[in-house]
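Coordinate inspection notes
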Amino acid sequence: TRDWSSDVCSSDLFDERLKSLRKKCGYTQVSLAETLGVSKGTVAMWETGKRTPDFETLIRLSDLFDVRTDYILGKSNDSSSAKLSDDDIEQLGRW
């Protein structure tokens, strides 16, 4: 099985961004682990670059922190939400 994370993760940025987002949103490693259903050790390994989350967990992190997966992965500096706002939806309806 091929490890997708080695291809898409800019690991230095991923580690830093995950830790920063976790703290910004008020999570400890323990509370984030409980929210995601993983061990505290798993979260710690993500934050130290020893492991990366699977695709499904990455999506959950994106939803939880309300940022784009590309931002978490270090592929973009756009930390805006991937969700459409009411104004965006209204604008799409006009097109």
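Look a little higher up for the structure.
For every chain, the first residue of the written sequence is number 1, and numbering continues from 1 onward in sequence order. It should be noted that, the model being predicted, local features are given only for residues of pLDDT at least 70 and side-chain atom pairs only at 80 or more, the latter also being counted only at that level, while totals for whole chains, interfaces and linings use all residues. The side-chain numbers reported here are obtained from all heavy atoms of the structure, hydrogens and water having been left aside.

Turning to the packing of helix α3 (residues 29–36) against helix α5 (residues 55–65), a few remarks are in order. Packed helices, taken two at a time, are described by the angle between their axes plus the distance between the axes. Orientation is described by lines fitted to C-alpha atoms, with helices fitted over the stretch in contact, and by angles between N-to-C directions that extend from 0 to 180 degrees. A run of H or I in DSSP counts as a helix once it spans at least four residues, and a run of E counts as a strand once it spans at least two, with each numbered from the N terminus. Between α3 and α5, whose axes approach to 11 Å, the crossing angle comes to 115°. The crossing of α3 and α5 is right-handed. Contacts between α3 and α5 involve Leu32, Thr35 and Leu36 from the former and Thr57, Arg60, Leu61, Leu64 and Phe65 from the latter. In the scheme used here, Gly and all other residues not listed as nonpolar or charged are polar, with Ala, Val, Leu, Ile, Met, Phe, Trp, Tyr, Cys and Pro taken as nonpolar and Asp, Glu, Lys and Arg as charged. Class assignment for the residues of the contact of α3 with α5 results in 5 nonpolar, 2 polar and 1 charged. Crossings are assigned a handedness: left-handed for a near helix turned anticlockwise from the far helix by less than a right angle, right-handed for a clockwise turn. Residues are treated as being in contact if the distance between any of their heavy atoms lies within 4.5 Å.

Another aspect to go through is the packing of aromatic side chains. Each Phe, Tyr or Trp ring (for Trp, its six-membered ring) is paired with any other whose centre lies within 6.5 Å, and the angle between the two planes then decides the class: stacked below 30 degrees, edge-to-face above 60, tilted in between. Taken as a whole, this structure holds 1 aromatic pair when the rule is applied. Either the NZ atom of lysine or the CZ atom of arginine qualifies as a charge over a ring when it sits within 6 Å of the ring centre and within 35 degrees of the ring normal. Taking NZ or CZ as reference, arginine 17 lies 4.0 Å from the ring centre of tyrosine 71, over its face.

With that settled, consider helix α4 (residues 40–47). Note: α-helices contain 3.6 residues per turn, so residues at a spacing of three or four share the same orientation. Classification of residues uses two cut-offs on accessible area relative to the type maximum, computed with a 1.4 Å probe and protein chains only: under 20% is buried, over 50% is exposed, and between them is partly exposed. Within α4, the full set of buried residues consists of Thr42, Val43, Trp46 and Glu47. Projected onto a plane normal to the axis of α4, the buried residues spread over an arc of 135° and lie on a single side. At the C-terminal side of α4, glycine 49 shows a positive phi close to 80°. This arc describes the spread of directions from the helix axis toward the C-beta atoms.

Orientation of α3 relative to α4, taken along the N-to-C sense of each, is 110°, at an axis distance of 8 Å. Taken together, the axes of α3 and α4 lie roughly perpendicular to each other. When the axes of α3 and α4 are compared, the crossing they make is right-handed. In this structure, α3 uses Gln29, Val30, Leu32, Ala33 and Leu36 to contact α4, whose residues at the interface are Lys40, Val43, Ala44, Trp46 and Glu47. Among the residues forming the contact of α3 with α4, the class breakdown is 7 nonpolar, 1 polar and 2 charged. If an angle is under 35 degrees, it is roughly parallel; if it is over 145, roughly antiparallel; if it lies from 65 to 115, roughly perpendicular; otherwise it is oblique.

What follows deals with the side chain of arginine 22. As for its position among the elements, arginine 22 is in helix α2 (residues 11–24). Under the relative-accessibility criterion, arginine 22 is labelled buried at 7%. Every residue in contact with arginine 22, bar those within four places of it in the chain, is listed here: Tyr27, Thr28, Gln29, Leu32, Glu47 and Phe65.

Note that every value here comes from positions in space, so none of it alone points to a role or purpose.
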